[in-house]
Amino acid sequence: MNVDWDGITHVTKVDPAKSLPSDLGVLEGTDLVLVGGSDGVTESNSLEAIERVTDVLSEIPIFQEPYSSSHVSRETIEAADAVSIPAVYNGDRDHFVGKHVELFTEVGQKPDELLGSSVPLVGDLIASKGVEVVAELADKLVGEGYVVQHLESTAAAVSGVDTAYSPDEVAGAALATEVFYDFPIFYVEYSGTYGGPDDVEAAARYLEETALFYGGGIDSSEKASEILEAGADAIVVGDCFHDEPETFRETIPE
Ligand code: 1GP
């Protein structure tokens, strides 16, 4: 998956289990849409959200960010530009290893069901079995190294996070992402609350190739600026998009 990360400063997290603003034109100016949530997400509501956003703003890249392989189908993979898979450093083993092996095991065992045998994902390479299918899916996969820092969030509950990292540990996870795991995104996740700039400053020291995303509680241009000035490559805005679409516009840098 080739993405021009340099052009991505503002990301909108669209939760497919929540209602969307009636005017999706408010998304104009955001650089990337991530379709995913932590509760009530299904394959069908994910596909519907991806298609609704694409219908309005076809130029914006859209990534599906599933938390279960059951959210992913041939249709969602085709509709999205990429499938971004979180790996949660401070979560339980399932969320750094287990779910990923489960996803690839399903791809290997049920490629026709998952990916379809008549509609190729990429070009003329119709792969219906085994490693070829994995290669096709891999073309759209984006790994995300996550630290989930808001312990009261649903994201923390579903990924088995019971301890937040210190800024030094966040920096360590960022360094591991850059030099060891090689995920293109390192994501500081404060879902539902504003975490301030400290973790971003700590992580930014070590990241050159890896895009540094921060999400959580951004509902003003001041908070957006504070996080970007601390060294984030991109801010991720979720709740504000769903709850206050007009205020959401203010989080998009001019
Ligand atoms: C959630 O990081 C995103 O996954 C955005 O957080 O919903 O608090 O804006 P908010």
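Caption draft 1: Seen up close, the layout of surface pockets. Of the voids in this model, the largest pocket is the one considered here, and its volume is about 920 Å³. Taken together, 46 residues line the largest pocket, and the ones lying closest to its centre are Lys 13, Gly 37, Ser 38, Ala 155 and Glu 189. Taken together, the residues of the lining of the largest pocket break down into 15 nonpolar, 18 polar and 13 charged.

Caption draft 2: Fine view of the side chain of Ser 69. Within the fold, Ser 69 resides in the loop between β3 (62–64) and α2 (74–79). Excluding residues within four positions of it along the chain, Ser 69 makes contact with Glu 102, Leu 103 and Glu 106.

Caption draft 3: View of the site of the ligand. Lys 13, Tyr 187, Glu 189, Ser 191, Gly 192, Gly 215, Gly 216, Gly 217, Val 236, Val 237, Gly 238 and Asp 239 make up every residue found near the ligand. Between Glu 189 and the ligand, the recorded distance is 2.6 Å, taken from a side-chain N or O atom to an oxygen atom. In this structure, Gly 238 approaches the ligand through a main-chain N or O atom, which is 2.9 Å from an oxygen atom. When the ligand sits alone it has 310 Å² of accessible area, and the protein chains cover 92% of it. Elements supplying a minimum of two residues to the shell around the ligand: β6 (185–189) and β8 (234–237). Across the shell around the ligand, the residue classes break down as 3 nonpolar, 6 polar and 3 charged.

Parameters at a glance
Residues numbered from 1 in each chain as written. Predicted model: local features only at pLDDT ≥ 70, side-chain atom pairs only at ≥ 80, totals over all residues. Heavy atoms only, no water. 1 Å grid on protein atoms, 1.4 Å probe; cavity = no way out; pocket = protein on both sides within 12 Å on 5 of 7 lines; lining within 4 Å. Points joined across faces, edges and corners; volume = space filled by probe spheres on them. Nonpolar A, V, L, I, M, F, W, Y, C, P; charged D, E, K, R; others polar. Helix = DSSP H or I, 4+ residues; strand = E, 2+ residues; numbered from the N terminus. Contact = heavy atoms within 4.5 Å. Near = heavy atom within 4 Å. Polar contact = N/O pair within 3.5 Å; in protein donor to acceptor, adjacent residues only side chain to side chain. Areas by Shrake-Rupley, 256 points an atom, 1.4 Å probe, with all protein chains shown as cover.

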